[in-house]
Amino acid sequence: MMDVLYFAWVRERIGLPKETVETKAATVIELVEELRAREERYALAFSDLSALRVAVDQDLTDFDAPINGAREVAFFPPMTGG
């Protein structure tokens, strides 16, 4: 079990700030594929991965990063300067 967190417009599209998921995924992209297959709202939220960033256990990483043993995966749009 791991927590999956959604921020900004990702949260708005999916309709949840956070959920606990049971996954067989070994990498972030495999987790994304599992989520996309759930419902259309997930497919929409993850339709353009270039518009998303991901963190595993609060460390910014890539979509090919391993998630075995991770407690948390977070998805969010790129940060803008300000």
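Criteria and thresholds
- Residues numbered from 1 in each chain as written.
- Predicted model: local features only at pLDDT ≥ 70, side-chain atom pairs only at ≥ 80, totals over all residues.
- Heavy atoms only, no water.
- Helix = DSSP H or I, 4+ residues; strand = E, 2+ residues; numbered from the N terminus.
- Rg over C-alpha atoms; globule rule 2.2 N^0.38 Å.
- Buried < 20%, exposed > 50% of the residue type's maximum accessible area, 1.4 Å probe, protein only.
- Areas by Shrake-Rupley, 256 points an atom, 1.4 Å probe, with all protein chains shown as cover.
- Lys, Arg positive; Asp, Glu negative; His and termini not counted.
- Charge placed at Lys NZ, Arg CZ, Asp CG, Glu CD.
- Salt bridge = Lys/Arg side-chain N within 4 Å of Asp/Glu carboxyl O.
- Pairing = 2+ DSSP bridges.
- Axes fitted to C-alpha atoms, helices over the stretch in contact; angles between N-to-C directions.
- Contact = heavy atoms within 4.5 Å.
- Phe/Tyr/Trp six-rings, centres within 6.5 Å; stacked < 30°, edge-to-face > 60°.
- Lys NZ or Arg CZ within 6 Å of the ring centre and 35° of its normal.

> Can you explain the overall build of the protein? Please cite residues and give values.
Counting secondary structure elements, the protein contains three helices and five strands. Along the protein, helices and strands appear, N-terminal first, in the series β-α-β-α-α-β-β-β. Here the C-alpha atoms of the protein give a radius of gyration of 12 Å, agreeing with the 12 Å that 2.2 N^0.38 yields for 82 residues. Expressed along its principal axes, the backbone C-alpha trace of the protein runs to roughly 35 × 25 × 20 Å. Evaluated residue by residue, the protein yields a buried proportion of 39% over its 82 residues. Put simply, the protein shows about 5,000 Å² of open surface, and 50% of that area lies on carbon and sulfur atoms. Between the mean site of the 9 positive side-chain charges and the mean site of the 15 negative ones, the protein shows a separation of 4 Å.

> Give a detailed account of the side chain of glutamate 72, specifying residues and quantitative values.
Its place among the elements puts glutamate 72 in strand β5 (residues 72–76). The side chain of glutamate 72 is buried and forms no salt bridge, while lysine 18, the nearest opposite charge, is found at 6.4 Å.

> Hey, could you go over the pattern of salt bridges for me, with residue numbers and the actual values?
The full count for this structure, using the stated rule, is four salt bridges. The residue arginine 36 makes a salt bridge to glutamate 33 at a minimum N-O spacing of 2.7 Å. With a gap of three residues between them, arginine 36 and glutamate 33 both fall in helix α2 (residues 28–38), about one helical turn apart. Ionic pairing is found between glutamate 39 and arginine 41, a salt bridge with its closest N-O pair at 2.8 Å.

> If you had to explain the sheet that holds strand β3 (residues 53–56) to someone new, which residues and values would you point to?
Taken together, five strands build an open sheet; the order of strands is β2-β1-β5-β3-β4 and the sheet is mixed. Where the open sheet ends on each side, the last strands, each with one partner, are β2 (18–21) and β4 (59–61). Put simply, the sheet's adjacent strands are angled 25 degrees from each other on average, direction ignored. Across the sheet, α2 touches β1 (2–6), β2, β3 and β5, and the angle it forms with β5 is around 70 degrees.

> Could you give an account of the packing of aromatic side chains, naming the residues involved and the relevant values?
Here the structure, examined in full by the defined rule, presents three aromatic pairs. Both rings, one in tyrosine 6 and one in phenylalanine 75, keep their centres 6.4 Å apart while their planes meet at 15 degrees; by these two values the pair is stacked. Here tyrosine 6 is found in strand β1, whereas its partner phenylalanine 75 is found in strand β5, with 69 residues between them in sequence. With 4.8 Å between their ring centres and 75 degrees between their planes, phenylalanine 46 and phenylalanine 75 make a pair best called edge-to-face. Of this pair, phenylalanine 46 sits in the loop between α3 (40–45) and β3 while phenylalanine 75 sits in strand β5, placing them 29 residues apart in sequence. An identical accessibility class is assigned to phenylalanine 46 and phenylalanine 75; each is buried. One aromatic cluster in this structure is built from Tyr6, Phe46, Phe63 and Phe75. The residue whose ring lies beneath arginine 38 is tyrosine 42, and the NZ or CZ to ring-centre distance is 5.3 Å.

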